[in-house]
Every structure is written in structure tokens, then in C-alpha cells.
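Single-letter residue listing:
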Amino acid sequence: MADLRNNFVGIKSPNPFWLASAPPTDKAYNVERAFKAGWGGVVWKTLGEEGPPVVNVNGPRYGAIWGADRRLLGLNNIELITDRDLQTNLREMKQVKMNWPDRALVASIMVPCEEQAWKAILPLVEETGADGIELNFGCPHGMSERGMGSAVGQVPEYIEMVVRWCKQYTRMPVITKLTPNITDIRRPARAAKAGGTDAVSLINTINSIVSVDLDNFAPNPTVGGKGSHGGYCGPAVKPIALNMVAEIARDPETYGLPISGIGGITTWRDAAEFLVLGAGNVQVCTAAMTYGFKIVQEMITGLSDWMDEKGHRTLDDITGRAVQNVTDWQYLNLNYIAKAKIDQDACIKCGRCYIACEDTSHQAITNFVDGVRHFEVMDEECVGCNLCVSVCPVEKCITMEQLPAGSLDKRTGKVVDPNYANWTTHPNNPMARQAAE
């Protein structure tokens, strides 16, 4: 059986599934129940400095995007950091860590961007026995307007500065949580590394307005007739998160920097995709809020079964395995030719492939042959875009098949070249022509 034990920057847990800093990790009651369900670790809901706790709204805090079957695809929230007293949180954290010494407990922290504020809170957190800290540089609403959260995460110089303070004032591993609300995720990651961070975690939520109430003409969630931008999370953000994780994993300046992957993880497969793209573990929030803590049991079983099936013994066997296959567009093989094929036995003749292809410039699929409704790919028109695969409601009804080297591409009239070629040397590339001259 696959060994799912995880060691992330010295923080050990029985599996790589942690609950992210969010409402499910706001108190001991929740965290204890999560550990009983099987979660390997938690990042406690973000702590603020001593003094009056932050004030959350007392009305709606969430807005949603649903699929056609009412399945939750995206969640927008306007909730702030913990509104519980700091000392109460610290006492509960200490007790939980004593009760569950084999589980990872990490404290998320957000205080003003002042050295004294960080210097003051770090010893208090350290005294709880927490395994590490996560610097919340990601929150895009409420706290960012106060000069914290993403207001710090969007300025690499601030990130490096605060990380240096934390490394100076605590023995605990430092995980820097990055905001996706930035043009190039590599810059804040490089800054965190320069400051001495032990790891980065990403992504935090994406700044968003999820929808508008067309009766009240106000953004959702609506509080007293008004709405605000909030943080977007859930399955819909997974593609953005995967790309950003991969960007950091393959950047020469941050290569090897441990990554905790976050963003839309709902199944074991989602988690595996983050792991193979370079994440050392994963954090989950929306899935637990939607389906409950026990969803981790399916994640554990699914990941273990897949690893057994593929012969992977430990997490180290899969971590980062896909990074080498992530490249820039200009290096993709222009001599790779594929055509779509429709399984006529599986086809339900809905015509979605035909409509998509017909209205997307290619006109490479028939809809009638000899007066009979029939959908078939015309190789002489197919560019291999695989849009038809994406819109077909029947899994594996349409597949992409590579043309072997030496065969004829009916669309171009050229023989498929077996040699690798990319845009950097293509004769149509102006830069390539200039280099040749």
C-alpha cells in the first residue's frame, strides 16, 4: 500500500491533505472533528494582533457560481480573519496540538506591516507548540484596505522584508502565502525566497464580484442593499492555481522551493495534479465547506489506490514529475499532427460537435451523409484543435489520434515530418529570420 506520510519543510503529517486557513479551521471544535475525519493537518484561521478582534458582517458572506446541476463551481466570500480573541485561539491551538501530536498544525498570521507587530505575535504563537506559521499575504478584501493581506502580497519588497523579520524572530518554519491578484506570480515567490522563507503556499482567493442581483442592482452577497468585492475560490480557480504552482516550480530562480498547493482541490485527482506539478502537499477549503470533513477519506483512498496501481510507493515518487513537461508555447512541436475521430457506436447524434466545429471556423465535421444524420470528421479540414472532444457529452466518444511520421496530412497536403520543430526556428517567425540573417 502506498505510503502517504508527508514531511513538508520538517512539518510531519500522516497524509498530504491539510485544511486551509478558513472558517472550517476557526476553532478547536472544528479542528478536532477534522482530525478525527482523517485530515493530516490544518492551517488555523488567520490570527490578528492582540486587541479588539476584527468585525465581520452579520449578514450574507458568500456568493456562488453553480453548474447546470446546481453543483458548486465557485464560491465568493467577504469574510475577514478570525473574529475571535487572540488569546482564545492560542489556548485552543495549544490544547489541540497536545491532543493530536501526529497532526500538522500551522498558524496563519496577518498583522500590520510593521516589524514590532510581527515581533510581538510570533513568540505567542510559538508557545502553542504550532509546527509552523503561514504568512497571509493573500486576502484580497477587507484586510487589504487596511494595508495587510494582498496589499503586502502585491509588493515583492514588502514580502521579502516581512519574511526576514519572521525568520529572525521565530524558530518555526515560515510558509509564505501568495496572492494570485498579481501579473507575474514568480516575482513575489522570488521575493519570499530571498527573504529566507521555508516554503510558499498558493493560491489565495481571487479578487472578484461573483454576480449581481438584478432586482436590487447590487453585487452578491448583498448586505443591506450594498455589495463588495470578495475572494473567489472553489473548483473554478483550479486551472489558475495549477498554472501558478507550475510557474514557480519551473522558474530557475525558485526551482526547488517547497510549495503547498491550494485552489479548487475537490478530489484525489485534483490533489495528484498539484503534487505532480511540484506541490509538496495540498490545502483544501471549499470542498470541505461544501461536502464536509469526511471528503478527505475519499481523497486518501483515491490517491493511495492510484499510486498502488501505478507503482508509486511514496509521495516523493510523484512530486514534481510533470514539471519537466511544462513548457512555453514557442517550444511546442509544430510537427505533431493529430486528427479527431468519432466512435460511431458511442455517438448519440446530438450534433454538439458539428455545431461547435461549424461555428468555430473549421467546418470539419459532417452532419448529414447520404441524407442520413451522421457526424464524421473530415481529415482534409480538421486542424486537430480538439474542441469537439471538449463539447461532446459522451466520454471517449471523440478521441484525438496522432498521424504517424511519413503519413500524409490531407489538410496541408504535406507528409508528417518525424523531426521536432518549434516556433523559434520556423521560417515565418520574424525573430528566427533576423537570427539567420
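Notes on the structure follow. (Residues numbered from 1 in each chain as written. Predicted model: local features only at pLDDT ≥ 70, side-chain atom pairs only at ≥ 80, totals over all residues. Heavy atoms only, no water.)

Concerning the sheet that holds strand β7 (residues 104–109)
Note: strands within a sheet are paired through backbone hydrogen bonds, in either parallel or antiparallel orientation. Taken in spatial order, the eight strands of this closed barrel run β3-β4-β7-β8-β9-β10-β15-β16, and their pairing is parallel. Pairs of neighbouring strands in the sheet enclose a mean axial angle of 25 degrees, with direction left out of account. As judged from the two bridges shared by strand β3 (residues 17–19) and strand β4 (residues 41–47), these two strands associate in the parallel manner. Looking across to β4, one finds that Trp-18 is bridged to Gly-41. (Pairing = 2+ DSSP bridges. Helix = DSSP H or I, 4+ residues; strand = E, 2+ residues; numbered from the N terminus. Axes fitted to C-alpha atoms, helices over the stretch in contact; angles between N-to-C directions.)

Points about the sheet that holds strand β5 (residues 62–66)
Strands sit in the order β5-β6-β14-β11 across an open sheet of four strands; the sheet is antiparallel. Only two strands of the sheet have a single neighbouring strand rather than two, namely β5 and β11 (206–208). Adjacent strand axes in the sheet meet at a mean angle of 35 degrees, parallel and antiparallel pairs treated alike.

Thoughts on the pattern of salt bridges
Tallying each qualifying case throughout the model produces 21 salt bridges. Residues Asp-69 and Arg-71 are paired through a salt bridge, measuring 3.7 Å at the closest nitrogen-oxygen approach. Linking Arg-186 and Asp-184 is a salt bridge whose minimum nitrogen-to-oxygen distance equals 3.0 Å. Among the charged side chains, a salt-bridge network with shared partners connects Lys-45, Arg-61 and Glu-79. (Salt bridge = Lys/Arg side-chain N within 4 Å of Asp/Glu carboxyl O.)

As for helix α3 (residues 115–126)
Its twelve residues give α3 an end-to-end C-alpha distance of 17 Å, which sits within 8% of 16 Å, the value for a rise of 1.5 Å per residue. Of all the positions in α3, only Ala-117, Trp-118, Ile-121, Leu-122 and Val-125 are classed as buried. Looking down the long axis of α3, one finds its buried residues gathered within 120 degrees of arc, a one-sided arrangement. (Expected span 1.5 Å × (residues − 1). Buried < 20%, exposed > 50% of the residue type's maximum accessible area, 1.4 Å probe, protein only. Arc of directions from axis to C-beta.)

Points about the packing of aromatic side chains
All chains considered together, the criterion is met by five aromatic pairs. Centroid distance Phe-8 to Trp-18: 6.0 Å. Interplanar angle 85 degrees. Geometry classified as edge-to-face. Separated by ten residues along the polypeptide, Phe-8 in strand β1 (residues 6–8) and Trp-18 in strand β3 bring together distant segments of the chain. In this structure, Phe-8 and Trp-18 share a single accessibility class: buried. Note on Trp-118 and Phe-137: the rings are 6.4 Å apart at their centroids and 75 degrees apart in plane angle, and the pair reads as edge-to-face. Pair noted here: Trp-118 is in helix α3 and Phe-137 is in the loop between β8 (132–136) and α4 (150–153), with a separation of 19 residues, a long-range link. (Phe/Tyr/Trp six-rings, centres within 6.5 Å; stacked < 30°, edge-to-face > 60°.)

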